[in-house]
Amino acid sequence: DEPLAGGDFDAEQLLGDVAAQLPGADGTAIERRAATGDPAVVLVEVARQEGADLLIVGRRGTDFVARTLLGSVAERVVQQARCDVLVVA
């Protein structure tokens, strides 16, 4: 129930801002994609569709009760992904 981006926002603008901060000089291709739904499910599904070897997710702090009852997105991705997952704080 906790939004990742507060209130109304332009997903394409957000993706553009993030892509502009990523280094691309080494020839790495950057694909931008906006999706709705449960973040863990969406991330795992996109990784599967793309045949990803590695999925990198951030760990976002939340309180103990919420983590215990709902589980964190990062934890669910680690449990469900078929590829390696790197969790960064």
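Residues numbered from 1 in each chain as written. Predicted model: local features only at pLDDT ≥ 70, side-chain atom pairs only at ≥ 80, totals over all residues. Heavy atoms only, no water.

**Some details on the confidence of the model for the protein**
Low pLDDT marks stretches whose predicted atomic positions should not be read closely. When pLDDT is averaged across the protein, the result is 79; 75% of the residues are at 70 or more. Least confident of the elements in the protein is helix α3 (residues 64-70), whose mean pLDDT is 58; most confident is helix α2 (residues 39-50), at 94. (pLDDT = per-residue confidence, 0-100. Helix = DSSP H or I, 4+ residues; strand = E, 2+ residues; numbered from the N terminus.)

**Some thoughts on the environment of V85**
Looking at where V85 falls in the secondary structure, it is placed in strand β2 (residues 84-88). Apart from residues lying up to four places away in sequence, V85 is in contact with L54, L55, V57, V77 and V78. (Contact = heavy atoms within 4.5 Å.)

**Some remarks on the pattern of salt bridges**
Counted by the stated rule, this structure contains three salt bridges. Here R76 makes a salt bridge to D38, at a shortest N to O gap of 2.9 Å. Of the two residues, R76 sits in helix α4 (residues 73-80) while D38 sits in the loop between α1 (11-21) and α2, which places them 38 residues apart along the sequence. A relative accessible area of 32% places D38 in the partly exposed class. (Salt bridge = Lys/Arg side-chain N within 4 Å of Asp/Glu carboxyl O. Buried < 20%, exposed > 50% of the residue type's maximum accessible area, 1.4 Å probe, protein only.)

**Brief notes about the environment of G58**
Tracing the backbone shows G58 in strand β1 (residues 54-58). Look at G58 and you get exposed, because its relative accessible area is 52%. Taking C-alpha positions, G58 is 5.6 Å from V87, a pair spaced 29 residues apart along the chain. Not counting residues within four places of it along the chain, the set of residues in contact with G58 comprises A74 and V88.

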